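Given next are the chains, with one letter for each unit.
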Amino acid sequence: MKNMIRSQFVLAAVLAVASSICFAQDGAAVYKSKCQMCHGASGTPSPAMAKMMGIKPTSDPAMQALSAAQVASTVTNGKGKMKAISGLSDDEVKAVSAFFKTLK
Ligand code: HEC
């Protein structure tokens, strides 16, 4: 009986880890198709993009200070020179915003 409870606990832990990995991959995929062309593969825009459009790298303190909710709001509503990104579900916006916060 004790063993069964333990194995269920282990299974739950494995599932929790697996789903968080899937979540991150989803965000990465959305980033790649919807953000990368302006923000760069790792969150640092190309120098030309940075200069022309005024995009800060994710390492910038102002970018670091944004919460995932603020990132999500920029994606859905746009901000300054960045237009709202269309064609994303709420879940995809959430996933890509969380992923954006992992870029340094
Ligand atoms: C067409 C180019 C383009 C695409 C695509 C794009 N961005 Fe941006 N993004 C910009 C520009 C330009 C700015 C700077 C806006 C400004 O300050 O005027 C910006 C700024 C931001 C900011 C900072 C907003 C703030 O509060 O200062 C975040 C966060 C951001 N983008 C996230 C994303 C995410 C996430 C995606 C993908 C879902 C994305 N962007 C796709 C051009 C783009």
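Residues numbered from 1 in each chain as written. Predicted model: local features only at pLDDT ≥ 70, side-chain atom pairs only at ≥ 80, totals over all residues. Heavy atoms only, no water.

Another point: the layout of surface pockets. In this structure, the largest pocket spans a volume of roughly 650 Å³. The wall of the largest pocket is formed by 24 residues, among which His39, Met63, Thr74, Lys79 and Met82 lie closest to the centre. At the level of elements, α2 (36-39), α4 (61-64), α5 (68-77) and α6 (90-102) are the ones that each hand at least two residues to the lining of the largest pocket. Residue composition of the lining of the largest pocket, grouped by class: 14 nonpolar, 5 polar and 5 charged. (1 Å grid on protein atoms, 1.4 Å probe; cavity = no way out; pocket = protein on both sides within 12 Å on 5 of 7 lines; lining within 4 Å. Points joined across faces, edges and corners; volume = space filled by probe spheres on them. Helix = DSSP H or I, 4+ residues; strand = E, 2+ residues; numbered from the N terminus. Nonpolar A, V, L, I, M, F, W, Y, C, P; charged D, E, K, R; others polar.)

Taken together, 18 residues surround the ligand, and among them Cys35, Cys38, His39, Lys81 and Met82 come closest. Contact between the ligand and Lys79: an oxygen atom at 2.9 Å from a side-chain N or O atom of the residue. Within the backbone of Lys81, a nitrogen or oxygen atom sits 2.8 Å from an oxygen atom of the ligand. Assessed atom by atom at 2 Å from the grid points, the ligand resides in the largest pocket. Looking at the shell around the ligand, the elements with two or more residues in it are α2 and α5. With 3 residues, α5 is the largest single contributor of residues to the shell around the ligand. For the shell around the ligand, a count of residues per class yields 11 nonpolar, 4 polar and 3 charged. (Near = heavy atom within 4 Å. Polar contact = N/O pair within 3.5 Å; in protein donor to acceptor, adjacent residues only side chain to side chain. Sits in = over half its atoms within 2 Å of the grid points.)

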